[in-house]
Amino acid sequence: MRNRNPDVHTQINVNDPGLITLVNKLQDVFTTVGVQNPIDLPQIAVVGSQSSGKSSVLENIVGRDFLPRGTGIVTRRPLILQLINRAPLPKTQANGVQDGDGESGPTKVEGTTDDKSNVEEWGEFLHIPGQKFYDFNKIRDEIVRETESKTGKNQGISPAPINLRIYSPNVLTLTMVDLPGLTKVPVGDQPRDIERQIREMVLKQISKPNAIILAVTSANTDLANSDGLKLAREVDPEGQRTIGVLTKVDLMDEGTDVVDILAGRIIPLRLGYVPVVNRGQRDIETKKAISSALEAERSFFENHKAYRNKASYCGTPYLARKLNLILMMHIKQTLPDIKARIQGSLQKYGSELASLGDSMLGNSSNIVLNIITEFSNEYRTILEGHSAELSSIELSGGARISFVYHELYSNGVKAVDPFDMVKDIDIRTILYNSSGSSPALFVGTTAFELIVKQQIKRLEDPSLKCVSLVYDELVRILSQLLNKPLFRRYPALKEKFHAVVISFFKKAMDPTNKLVKDLVAMEACYVNTGHPDFLNGHRAMAIVNERHQASKPVQVDPKTGKPLPASAAPPRSASPSIDGGNGGGGESGGFFGSFFASKNKKKMAAMDAPPPTLKASGTLSEKETQEVEVIKLLITSYYNIVRRTMIDMVPKAIMLNLVEHTKDEMQRELLEQMYRQTELDDLLKESDYTVRRRKECQQMVESLGRASEIVSQVQ
């Protein structure tokens, strides 16, 4: 709504009643945006019990019948009522040619049910922009209809407000919020907790520091029992922003009056009390004109002995003037804070609008090309650790990949124990099998190679796992880049980017996995016993012999006390024999020890055929133990060499075929897969959220700019 009021372009003094008009403009500015009002604007909240006469007070102030009437809760949604004073139309414009604001004039009033309708007074609802209601009966019907659209036809309530503006030369400019009447007991279809619901709704409105509380109370009831005043005291215990309205003064018992209340001797309020006389139920039913009711009110106060001396401070006209003045002064006090809030909100929404970007203008090809280039550069900088958004809290980007290499993979390879699956007795069996039909004179190379190759192949799983972990980190970087506001703006582009890059990563995974497998296969296919770091067989045997000699007890000659020379090792068993018989000789230890345990010479002499399965049995002999230890030393030495090689080479292979490849080829892949003229416009279709939010922010920035312009006029 573009404001054409000439007041906007003039300086306004803080003592000018036009202040209220400006605040109303602020209210309109924010309400039409459709988002939560960031500014707590000064307004008058009307509270009171159901039977206190709130509706009659408001109608008397407006001078027209327009509020719903009936039993129970009639006001079931807050009604934000803006009264806007307009100068009477010149006679030449009374037929609706052009009004004083330079806008299209009102149409002729015809076919209305309201005999008071005229072209100078009308209402407008914010939810029906542009429609003027000259028939105030239709205003009432629209309030009922809009209320039921939110609350249904039962007696429920809703906090969603109805905004009504009334333009008239017969009102003072005011902003009031009519709230549901306070009730105690649910009636009919009302919810069981109706009292709590209404109480919470009212408290939400009157708790705002910039709200003036208009507490309406029947004068013919005890003031101490006033629901409106009681609730007002909860949020305004000192009575600094509460004004009391005493209704039904004409219905008080003979000889009683409200003079003590007006003097502040009962419950003092800084803003005081105003007594009024409303139309009775019979007056409403007989459709007594409000103008007549106001005349009767004036006559009552001027002729009543208790009020005649202060009649000018009683009645609805005085109440309207007092509210107008209070609201104006309150606005004057709160203007500095309002200005500060407007500037803060303007900066906030301006920043958000800048982050959302302008709606797409220009060549879509250039836009997509720029996005691809920017994405590729950011992907590279994150991997290289040159990003401008480096975190001081956690590892990110390339640093996480380094952690995978040097912590997870390195420790994972070191944790592979070659002897957790190959026991000493298994090594002994392999030694015997590798020697064939002739017992070996030396430790067999075949057995060593067989075992070490089996264990090298076990390094393939952690190596492929390392590839998978690095792939996960690249996907993590992709997600980080796609979470930027630019991609939230274009969901189709984001989805396409995700699909293309994931496909690119997977395509790079195949050669990476193959290279890693080949590295393991290379180590397994050729055992380089000539490696300079390898512990050769002679050195291994020397180490084992030293260990065994050190562990043997030294025998001493009892005569001389000198150590005796070490005895020769027992000869190796000449040939295997089967287990059987109670006689016979042979070792009790060694590979075939259990076959000769029975010492049965007769059975041994029979030389029965060996059993179908000939497995190792018995404990290792001293010679076998030494041979196994030599093999284990050699395996450990070579396995450590392979471990170091894999820890060094696997990360290099992953970097070559996965990380560096995707970093170098990312832009080419994106251009090849995405830069197609037929798809560009579809890719740059903005998300509904972005379009909606940009529109909201644009409206809010525009509205806040206008609001800032409005408040800057006040000197």
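A few points on the structure. Just so it is clear, the structure is predicted and the values come from calculations on it, not from any experiment. Counting restarts for each chain: residues are numbered from 1 in the order of the written sequence. Reporting of local features is limited, given that this is a predicted model, to residues whose pLDDT is at least 70; pairs of side-chain atoms are given and counted only at 80 or more, and all residues count toward the totals for whole chains, interfaces and linings. Side-chain numbers here rest on the full set of heavy atoms in the structure, without hydrogens or water.

1. Regarding the overall build of the chain
Each helix is a run of H or I in the DSSP string that is no shorter than four residues. Each strand is a run of E no shorter than two, and both are numbered from the N terminus. The number of helices and strands found in the chain is 21 helices and 8 strands. Expressed as a percentage of the 715 residues in the chain, the buried residues total 44%. In the chain, 77% of the contacts between residues at least 6 apart in sequence involve partners at least 24 apart. A total accessible area of about 37200 Å² is found for the chain, and carbon and sulfur atoms account for 52% of it. Any residue under 20% of the maximum accessible area for its type is buried, any over 50% is exposed, and the rest in between are partly exposed; the area is computed with a 1.4 Å probe on protein chains only. The contact rule is simple, with two residues in contact once any of their heavy atoms fall within 4.5 Å. Note on areas: Shrake-Rupley with a 1.4 Å probe; residue coverage comes only from the protein chains shown.

2. A closer look at the environment of Ile84
On the secondary structure map, Ile84 appears in strand β2 (residues 79–85). The exposure class of Ile84 is buried, given its relative accessible area of 14%. As a C-alpha pair, Ile84 and Ser168 span 84 residues in sequence and 6.5 Å in three-dimensional space.

3. A word on the nonpolar core
Side-chain atoms within 4.5 Å are what join buried Ala, Val, Leu, Ile, Met, Phe, Trp, Tyr and Cys residues into a set we call a nonpolar core. The biggest cluster of nonpolar side chains holds 63 residues, and the ones touching the most others in it are Phe375, Phe448, Phe497, Tyr638, Ile654 and Leu670. Secondary structure elements with two or more residues in this core: α10 (364–384), α11 (398–414), α13 (445–457), α14 (460–482), α16 (491–525) and α19 (622–674). The residues touching Phe448, leaving out its near neighbours within four places in the chain, are Val527, Thr529, Phe534, Ile631, Leu634, Ile635 and Tyr638. One finds Ile20, Ile44, Phe133 and Ile139 within the second-largest nonpolar core, a separate group that totals 57 residues.

4. Considerations on α14
An α-helical segment advances 3.6 residues per turn. Residues three or four places apart therefore align on the same side. A helix is expected to reach a length of 1.5 Å times the quantity of its residues less one. When the terminal C-alpha atoms of α14 are compared, their 33 Å separation across 23 residues agrees well with the 33 Å that a helix rising 1.5 Å per residue should span. Those residues of α14 that fall on the buried side of the exposure criterion are Pro462, Ser463, Cys466, Val467, Val470, Tyr471, Glu473, Leu474, Ile477, Leu478, Leu481 and Leu482.

5. A word on the sheet that holds strand β3 (residues 122–125)
Backbone-to-backbone hydrogen bonds join strands into a sheet, with any given pair of strands oriented parallel or antiparallel. Only when DSSP finds a minimum of two bridges between them are two strands counted as paired. With mixed pairing, the 8 strands of this open sheet are ordered in space as β3-β4-β2-β5-β1-β6-β7-β8. What marks the edges here is a single partner per strand, and that holds for β3 and β8 (273–275). Pairs of neighbouring strands in the sheet enclose a mean axial angle of 25°, with direction left out of account. Across 3 bridges, the pairing between strand β7 (residues 242–247) and β8 is parallel. Looking at β8, one finds that Gly244 is bridged to Tyr273. Orientation is described by lines fitted to C-alpha atoms, with helices fitted over the stretch in contact, and by angles between N-to-C directions that extend from 0 to 180 degrees. The strands that helix α4 (residues 194–206) touches are β1 (43–48), β5 (174–178) and β6 (211–218); relative to β1, the one it contacts most, it runs at about 150°.

6. Focus: unusual backbone geometry
Here the phi dihedral of Lys248 falls at roughly 60°; this positive angle occurs in a residue that is not glycine. What makes Lys248 partly exposed here is its relative accessible area of 26%.

7. With respect to the pattern of salt bridges
Side chains that carry opposite charge are capable of pairing whenever their charged atoms lie near each other. When a carboxyl oxygen of Asp or Glu is within 4 Å of a side-chain nitrogen of Lys or Arg, the pair counts as a salt bridge. Counted under the stated rule, the structure contains 27 salt bridges. Glu124 is paired through a salt bridge with Arg165; the nearest N and O atoms lie 3.6 Å apart. Here Glu124, found in strand β3, pairs with Arg165, found in strand β4 (residues 162–168); they are 41 residues apart in sequence, far enough to count as distant. The same class applies to Glu124 and to Arg165, which are both buried. We note a salt bridge from Glu384 to Lys663, for which the minimum N-O separation is 3.2 Å. Here Glu384 is found in helix α10, whereas its partner Lys663 is found in helix α19, with 279 residues between them in sequence. With a relative accessible area of 34%, Glu384 lands in the partly exposed category.

8. Some words on the side chain of Asn60
By the secondary structure assignment, Asn60 is in helix α2 (residues 54–62). Its relative accessible area of 4% is what places Asn60 among the buried residues. A polar contact of 3.2 Å, which involves the side chain of Asn60, links it to the side chain of Asn278. In protein, a polar contact requires one atom able to donate a hydrogen and another able to accept it; more generally it is a pair of N or O atoms within 3.5 Å, and residues adjacent in sequence count only if both atoms are side-chain atoms.

9. Some thoughts on the packing of aromatic side chains
When the centres of two rings from Phe, Tyr and Trp lie within 6.5 Å, Trp using its six-membered ring, the rings pair. Their planes under 30 degrees apart give stacked, over 60 give edge-to-face, and anything left gives tilted. Under the definition given, this model contains 10 aromatic pairs. With a centroid separation of 5.3 Å and 90° between ring planes, the pair formed by Phe125 and Phe133 is classed as edge-to-face. Judged on exposure class, the residue Phe125 and its partner Phe133 are both buried. Taken together, the ring pairs in this structure connect Trp122, Tyr134 and Tyr167 into an aromatic cluster. Sitting over the face of the ring of Phe136, Arg64 holds its NZ or CZ atom 4.0 Å from the ring centroid. Across from the ring centre of Trp122, 4.4 Å away, lies the NZ or CZ of Lys132, which sits over that ring. In this scheme, the term charge over a ring applies when either NZ of a lysine or CZ of an arginine sits within 6 Å of the ring centre and within 35 degrees of the ring normal.

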